[in-house]
Amino acid sequence: MTSPDTTPPAEETSAGAVTTFDAFARFAATAPPTPPQPGQAPRSPEERLAYHSQFVTVRTPAIEALSRSVRTLMILGRHQSVTARPSLIVTGPATTGKTTALLEVGRTCHLAHTRRAAPSDDSVPVAYVLVPPGATAKTLAGEFARYLSIPVTTRMTTAQITTAVCHTYTAAGVKLVLIDEIHRLNPRTSSDSEAADWLKDLTERVRATFVYAGIDVTDSAVFTGVRGAQLAGRASLIDCGALPARAGEREPFRELIASLEQALDLHAHRAGGLPKLASYLHERTAGRIGSLSRLIRQAAIEAILDSSERITKTLLDGIALDHLAEEHYRPRNPARRHTRPSSR
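Given the structure is predicted, the values throughout are model-derived calculations rather than measurements.

Novice: Got a minute to help me understand the overall build of the protein chain in this structure?
Specialist: A tally of helices and strands in the protein chain yields 14 helices and 7 strands. Within the protein chain, buried positions represent 51% of all 344 residues. Total accessible area on the protein chain stands at roughly 16,400 Å², and carbon and sulfur atoms take up 52% of it.

Pasting the structure below:
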């Protein structure tokens, strides 16, 4: 069974809130929410509401695969200096945990470095950058500069910003670069093609392992065509898709539900109640981890507010989820109803 992890879910972390080194370091070092412990004094309703608002996440297969691959590729590229190091692509539909996986791996790398580092060590192990909407080479370079507080003026050229970024990242000892929302780049437009070329240039000048994450990246223009092939030819793929109801002899979605249930802090909830609803929950959320986490957290908050202190199917069915999940489960136009995944 997948065990609860002690990392706040990315939905609550807000990716945009950790795009500077100081903010990322605070995120990595912040004590995560903890499930109720045996013998612990009961928490107040306010404390339990705050806990379920943050809640725990779980180490999903995608997080496990990404963690292993990042560790291996960082070792593989450690002494590679002639060409760009091998990289990774995290892809999948919306609300399937891509940002969660990215931040979890970054947090683990940051904390591992912190534990080993001497008190005087001021190096930066991880950089986390969001691709801005409508990115140009200059605005993307500016985001990399902002992460390490590199001074940038409007009069600076892209080449000048790039030189400052490459010099500072190298001097800071950045070993892992996480680039989120990579699907926002479209190399088929002139401005985005410049940004894609700039990114390729950066991977050759900064001695770090690069990890890209985005929505259905393999179906986008980012890693197709002549320009895309240059990035894709160096990258391994981590598929962060929806969890299946069944995978051989295992039931990964039911296991995930059981792990989330174990972390609940409700006074009257019966253990095993949520795993019994696995088929319903898979149908309700299409197996998307983000939608499932939101549904259970919101139900727990409702159960505290109405004093029932337990989650039932009736309670779950009365909660409005994100539009993507709702359109899958109960579309407004039945003629366009999505095909539901099998629970078998």
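Novice: Can you help me understand the packing of aromatic side chains in this one?
Specialist: To describe a pair of aromatic rings, you give the distance between the ring centres and the angle between the ring planes. One pass over the structure, following the stated rule, counts 7 aromatic pairs. Members of the aromatic cluster, each reached through a chain of ring pairs, are F24, F27 and Y128. Here the basic side chain of R43 rests over the ring of Y51, its NZ or CZ set 4.6 Å away from the ring centre. Taking NZ or CZ as reference, K313 lies 4.5 Å from the ring centre of Y280, over its face.

Novice: Is there a simple way to explain the pattern of salt bridges in this structure?
Specialist: Taken as a whole and judged by the stated rule, the model has 8 salt bridges. When the shortest N-O distance is used, the salt bridge between K200 and E204 registers 3.0 Å. Taken together, the positions of K200 and E204, both in helix α8 (residues 190–205) and 4 residues apart, correspond to about one turn of that helix. By relative accessible area, which is 18% here, K200 ends up buried. Using a relative accessible area of 39% as the deciding quantity, one classes E204 as partly exposed. Here the salt bridges do not stand alone but share partners, grouping R246, E251 and R254 into one network.

Novice: Would you take a moment to explain the pairing of strand β5 (residues 176–180) for this structure?
Specialist: Along any regular strand the residues' side chains alternate between the sheet's two faces. Counted residue by residue, β5 has 5 buried out of 5 residues, so it is predominantly covered. Here β5 shows two buried faces, one formed by L176, L178 and D180 and the other by V177 and I179. With 5 bridges joining them, strand β4 (residues 126–130) and β5 adopt parallel strand pairing. Bridge assignment links A127 to a residue of β5, and that residue is V177.

Novice: Would you take a moment to explain the side chain of R48 for this structure?
Specialist: Its place among the elements puts R48 in helix α3 (residues 45–54). For R48, a relative accessible area of 2% corresponds to the buried category. If we skip the residues at most four places from it in the chain, R48 touches R43, D265, L266, H267, I304 and E309.

Novice: In this structure, what is going on with the confidence of the model for the protein chain? I would like to understand it.
Specialist: Close reading of the predicted structure is inappropriate where its pLDDT is low. Mean pLDDT over the protein chain stands at 86; residues scoring 70 or higher make up 85%. pLDDT under 50 marks residues 1–12. Its contacts with residues more than four places away, or in other chains, come to 45 contacts. Note on residues 338–344: pLDDT is under 50 here. Beyond four places in sequence and across chains, it has 15 contacts.

Novice: Whenever I open this one, the packing of helix α6 (residues 137–147) against helix α7 (residues 158–172) confuses me. Can you help?
Specialist: Two quantities define a packed helix pair, namely the angle between the axes and the distance from one axis to the other. Running from N to C, α6 and α7 cross one another at 30 degrees; their axes reach a closest spacing of 9 Å. Considering their axes alone, α6 and α7 lie roughly parallel with respect to each other. In this structure, the crossing between α6 and α7 has a hand that is left-handed. Together, A137, K138, A141, G142, F144, A145 and Y147 of α6 and T158, I161, T162, V165 and Y169 of α7 make up the contact between the two elements.

Novice: How do you make sense of the packing of helix α10 (residues 252–262) against helix α12 (residues 289–305) when you look at a structure like this?
Specialist: Running from N to C, α10 and α12 cross one another at 35 degrees; their axes reach a closest spacing of 11 Å. Between α10 and α12 lies a crossing whose hand is right-handed. Contacts from F253, L256, I257 and L260 in α10 reach I289, L292 and I296 in α12. A per-class count over the contact of α10 with α12 returns 7 nonpolar, no polar and no charged.

Procedures and definitions
Position numbers for residues start from 1 in each chain and track the written sequence from start to end. Since the coordinates come from a predicted model, pLDDT governs what is reported: local features require at least 70, and pairs of side-chain atoms require 80 or more to be given and counted, while whole-chain, interface and lining totals use all residues. The side-chain figures draw on all heavy atoms in the structure; neither hydrogens nor water molecules are used. Helix and strand definitions follow DSSP, with helices as H or I runs of at least four residues and strands as E runs of at least two, each counted in order from the N terminus. Only protein chains enter the accessibility calculation, which uses a 1.4 Å probe; a residue is then buried when its area is under 20% of its type maximum, exposed when over 50%, and partly exposed in between. With residues, only the protein chains shown are counted as cover, and all accessible areas are computed by Shrake-Rupley using a 1.4 Å probe. A pair of Phe, Tyr and Trp rings is counted when the ring centres sit within 6.5 Å of each other, with Trp represented by its six-membered ring. The angle between the planes then sorts it: under 30 degrees is stacked, over 60 is edge-to-face, the rest tilted. In this scheme, Lys NZ or Arg CZ marks a charge over a ring once it lies within 6 Å of the ring centre and within 35 degrees of the ring normal. Within this document, salt bridges are pairs made up of a side-chain nitrogen of Lys or Arg and a carboxyl oxygen of Asp or Glu, the two lying within 4 Å of each other. Whether two strands pair comes down to DSSP finding at least two bridges between them. Contacts are residue-level and defined by heavy atoms, with any inter-residue pair within 4.5 Å sufficient. pLDDT is a per-residue confidence score from the predictor, ranging from 0 to 100. In this analysis, axes come from line fits to C-alpha atoms, helices being fitted only over the stretch in contact, and the angle between any two N-to-C directions falls in the range 0 to 180 degrees. Between 65 and 115 degrees an angle is taken as roughly perpendicular, under 35 as roughly parallel, over 145 as roughly antiparallel, and anywhere else as oblique. Crossing handedness is defined as follows: a turn of the near helix away from the far one that is anticlockwise and smaller than a right angle gives a left-handed crossing, while the clockwise case is right-handed. Residue type decides the class: Asp, Glu, Lys and Arg count as charged, Ala, Val, Leu, Ile, Met, Phe, Trp, Tyr, Cys and Pro as nonpolar, and the leftover types, Gly among them, as polar.

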